[in-house]
Amino acid sequence: MLTTTAIKVLEPGELDAALTVLDRDPVGNAFVAARVQVAGLDPWRLGGEMWGWYVGGRLESLCYAGANLVPVCATPEAVRGFAERARRQGRRCSSIVGPAGPTAALWSLLEPHWGPAREIRPHQPLMVTRAPSTDVAPDPYVRRIRKDELDLIMPACVAMFTEEVGISPLAGDGGLLYQARVAELVGAGRSFARIEGGKVVFKAEIGAATPLACQIQGVWVDPAHRGKGLSEAGMAAVLRYALNDVAPVVSLYVNDFNTAARAAYRRVGFAEVGAFMSVLF
């Protein structure tokens, strides 16, 4: 039995304990919670390990260690434990992302060993809504992408990712993993777009989704169509789908320097409630 503080990889039988921690902040933990609810804690299915920080034998904090390193409800002591384990293991992730405070603390401990990062986004406002604004009418032409339209949506997804992250998702494995993720969202009915003349002019996805909260991601407007209000009306449409079909709370996080997007999301009904941080390698 763990009697003091300790860190270890969670076992599949500890699922209920992990979900109890994740449920402390359904919005902030939506990404990790969604993965755990689908895959459990088996590392092969989960796509990474779930590290647990225990105090007196009780699970207090988590850290998802997969393609992303994500601290969850991490106390300062837990952050130090997770950083030490990550340092010993060596960097296997492409980013560190999570609530700004714990993520900043985690990076400060890892930077001497893992740095420099390719890019650091220290303050990404977390925005939440439980009801759409009545000021913006949903775009009636935004709809779910069908399974046979994967080739139609992929170029827009690649363009969005490259613009947002700074590298193409097609690098490395030729885009196999990224295409599989896009196909997963399309198959789940969580990929949305407005299509004109056979081209995507607006698109967004409901990425992470649990019964308690979901997260909109991948918002993109074709550069030739920007400045026409497509993002606001399009987001209003996706938000309506999300609230009606997925979860009672909808969130997203956005770069703090993207003032136009932040203003648009506020007009649609979102309010800033916190901040995330991302460290990109």
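See above for the structure.
Since we're looking at a predicted model, the values are computed, not measured.

A.B. asks: Mind laying out the side chain of E205, listing which residues take part and the relevant values?
C.D. replies: When you line up the elements, E205 lands in strand β9 (residues 199-209). The exposure class of E205 is buried, given its relative accessible area of 5%. A polar contact of 2.8 Å, which involves the side chain of E205, links it to the side chain of K203. Every residue in contact with E205, bar those within four places of it in the chain, is listed here: C157, L185, R190, S191, Q215, I216, Q217 and G218.

A.B. asks: Summarise the nonpolar core; cite the residues concerned and give the values.
C.D. replies: Residues M235, V238, V250, Y265 and F270 are the most contacted members of the largest nonpolar core, which totals 27 residues. Counting residues per element, the ones that place at least two in this core are β9, β10 (214-221), α8 (230-245), β11 (250-253) and α9 (259-268). Among the elements that make up this core, the one with the highest residue count is α8 (eight residues). The residues touching V250, leaving out its near neighbours within four places in the chain, are M127, V128, T129, C214, I216, L239, A242, L243 and F270.

A.B. asks: Got a sec to walk through the packing of α8 against α9? Specific residues and values, please.
C.D. replies: Across the interface, α8 lies against α9 with an axial gap of 9 Å and an inter-helix angle of 50 degrees. The angle between the axes of α8 and α9 places the two elements in the oblique class. Handedness of the α8/α9 crossing: right-handed. Touching S231, E232, M235, A236 and L239 of α8 are A264, Y265, R267 and V268, all from α9. In terms of residue class, the contact of α8 with α9 is built from six nonpolar, one polar and two charged.

A.B. asks: Pulling in residues and values, what's your account of the sheet that holds β9?
C.D. replies: What the 12 strands build is an open sheet, ordered β1-β2-β3-β4-β5-β12-β6-β11-β10-β9-β8-β7; its pairing is mixed. With partners counted over all chains shown, the strands left at the sheet margins are β1 (5-9) and β7 (143-144), one partner each. Here four bridges tie strand β6 (residues 119-129) to β11, and the two strands are oriented antiparallel to one another. Bridge pairing in β11 places T129 opposite V250. Here helix α6 (residues 150-165) sits on the sheet in contact with β6, β8 (191-196), β9, β10 and β12 (271-280), set at roughly 70 degrees to β9. On the sheet, helix α7 (residues 176-187) packs against β8, β9 and β10 and is oriented at approximately 85 degrees with respect to β9.

Definitions and limits used
Residues numbered from 1 in each chain as written. Predicted model: local features only at pLDDT ≥ 70, side-chain atom pairs only at ≥ 80, totals over all residues. Heavy atoms only, no water. Helix = DSSP H or I, 4+ residues; strand = E, 2+ residues; numbered from the N terminus. Buried < 20%, exposed > 50% of the residue type's maximum accessible area, 1.4 Å probe, protein only. Polar contact = N/O pair within 3.5 Å; in protein donor to acceptor, adjacent residues only side chain to side chain. Contact = heavy atoms within 4.5 Å. Core = buried A, V, L, I, M, F, W, Y, C linked by side-chain atoms within 4.5 Å. Axes fitted to C-alpha atoms, helices over the stretch in contact; angles between N-to-C directions. Parallel < 35°, antiparallel > 145°, perpendicular 65-115°, else oblique. Left-handed = near helix turned anticlockwise from the far one by under 90°. Nonpolar A, V, L, I, M, F, W, Y, C, P; charged D, E, K, R; others polar. Pairing = 2+ DSSP bridges.

So far we have only geometry, and geometry alone does not tell us how the molecule works.
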